[in-house]
Amino acid sequence: MIRNDWKMEEIKEIYDTPLMRLIAKSHAVHTEYHDNEEVQVCSLISFKTGGCPENCKYCPQSSHYKTEVAPLPLLQYEEMVSMAQRAVSFGATRVCIGAAWREVKPGKAFDVILKAVKEITSMGVEVCCTLGMLEPQHAKALKEAGLYAYNHNLDTSQQYYKTIITTRTYEERLATLDTVEEAELSVCCGGILGMGESDLDRVLLIHTLATRKHHPESVPINFLIPIPGTPLENNAKISIWEMLRMIATARITMPKAMIRLSAGRADRSFEEQALCFFAGANAIFSGEKLLTQANHTLSEDDEMFQILGLKKRPSFKLPLHKKKHADNATCLKS
Ligand code: SAM
Ligand code: DTB
Ligand code: SF4
């Protein structure tokens, strides 16, 4: 059953369940709603890299910190299309275009994105964008260009947010999520672990996501990549056990969502990733680079898929339960 009325205490209880019991439960939920041998592969394209006016303490692209990531010229339309073609030829069924912007503004750069969204959608893959805050007219333009999803992370709990970012508010983030939903775009929204937040902050983030009227269709769970030059450069790596608790709790509370094992995968072994998939993660970002940071190579990921017997999830596939209903509807009609 899909619930939107989760109590904080219930989510905390799930999060605190003895680990083996927790992942057994989340695996069962995963199996009920998804093909547990399928993992969606999404490839990232950074249209606008670096020079961002926001001060997110974790981010290599913020202009507030001196990091190795120098601002780059905008990508050309042709470059984006050929990057997408390459990713699709390697099995990606979702392509996400990112921009280090505070918000979308109308103009030439946005027009290039709209054109690329149209062209990449015509390749038969789900296209996602992550461009910062959105006004309704921009969401509408993206939808009209064929955009499937929009990524906009809450990152952490409302209470911890202010210690990580001060150039925008949690409320602004939530407002953009509403705008995305109103434009009938699929919502991709998750967070980051390892920024110094408490277990309670993690539970609160899941509570915020799992009590939305509609759960996000995609929940990226990022693990902090500590970036030299940012205030979080010395943060400790979080343990696999904490990763599993977060993934399992997200899976149990939001059964239909795609749980995306996102940043911070590059220094994790096949064994660690296997546990994450078992606990309910069913999507990854593939390609040598995320937006600016190194990722596993394509051949490493292929080897992992082969060892674990995983297959790449086709695009536009619904969770099993939704599919059951869709099939019933067809039966009734025919
Ligand atoms: N500028 C847009 C925004 O902030 O919405 C989109 C791009 S932003 C880079 C997308 C997400 O990447 C962030 O919300 C954050 O969750 C993740 N991210 C950025 N830097 C990271 C890091 N060092 N480690 C882990 N995740 C990171
Ligand atoms: C998300 O939650 N993680 C991805 C995607 N959505 C856009 C981005 C991760 C970025 C990691 C740092 C970098 O490569 O710059
Ligand atoms: Fe800019 Fe997004 Fe990085 Fe924040 S996370 S500094 S908004 S690119």
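Conventions we followed
Residues numbered from 1 in each chain as written. Chains lettered and ligands numbered in written order. Predicted model: local features only at pLDDT ≥ 70, side-chain atom pairs only at ≥ 80, totals over all residues. Heavy atoms only, no water. Near = heavy atom within 4 Å. Polar contact = N/O pair within 3.5 Å; in protein donor to acceptor, adjacent residues only side chain to side chain. Areas by Shrake-Rupley, 256 points an atom, 1.4 Å probe, with all protein chains shown as cover. 1 Å grid on protein atoms, 1.4 Å probe; cavity = no way out; pocket = protein on both sides within 12 Å on 5 of 7 lines; lining within 4 Å. Sits in = over half its atoms within 2 Å of the grid points. Salt bridge = Lys/Arg side-chain N within 4 Å of Asp/Glu carboxyl O. Helix = DSSP H or I, 4+ residues; strand = E, 2+ residues; numbered from the N terminus. Buried < 20%, exposed > 50% of the residue type's maximum accessible area, 1.4 Å probe, protein only.

**A look at the site of ligand 1**
Right, on to step 1. In the vicinity of ligand 1 there are 17 residues, among which Tyr-58, Thr-130, Asp-155, Arg-173 and Ile-225 approach most closely.
Right, on to step 2. Take Asp-155: an N or O atom from its side chain is 2.9 Å from an oxygen atom of ligand 1.
Right, on to step 3. One nitrogen or oxygen atom from the main chain of Ile-225 is found 3.0 Å from a nitrogen atom belonging to ligand 1.
Right, on to step 4. Coverage of ligand 1 by the protein amounts to 91% of the 560 Å² it exposes when considered alone.
Right, on to step 5. Among the cavities detected, the one that contains ligand 1 is the largest cavity.

**Examining the pattern of salt bridges**
Right, on to step 1. According to the stated counting rule, one finds 23 salt bridges in the structure shown.
Right, on to step 2. We note a salt bridge from Arg-3 to Asp-5, for which the minimum N-O separation is 2.8 Å.
Right, on to step 3. The partner of Arg-202 in a salt bridge is Asp-199, and the shortest N-O contact between them spans 3.6 Å. Of this pair, Arg-202 and Asp-199 both sit in helix α8 (residues 199–210), three residues apart, roughly one helical turn.
Right, on to step 4. By relative accessible area, which is 40% here, Asp-199 ends up partly exposed.
Right, on to step 5. Through salt bridges with shared partners, a single network forms among Glu-54, Arg-102, Glu-103, Lys-105, Arg-168 and Glu-172.

**Some details on the site of ligand 2**
Right, on to step 1. Near ligand 2 lie 13 residues; those nearest to it are Asn-153, Asn-222, Leu-291, Thr-292 and Gln-293.
Right, on to step 2. Contacts to ligand 2 include Asn-222, whose side-chain N or O atom sits 2.9 Å from an oxygen atom.
Right, on to step 3. For ligand 2, the protein covers 89% of the area, taking 410 Å² as the surface of the free molecule.
Right, on to step 4. In this structure the site holding ligand 2 corresponds to the largest cavity.

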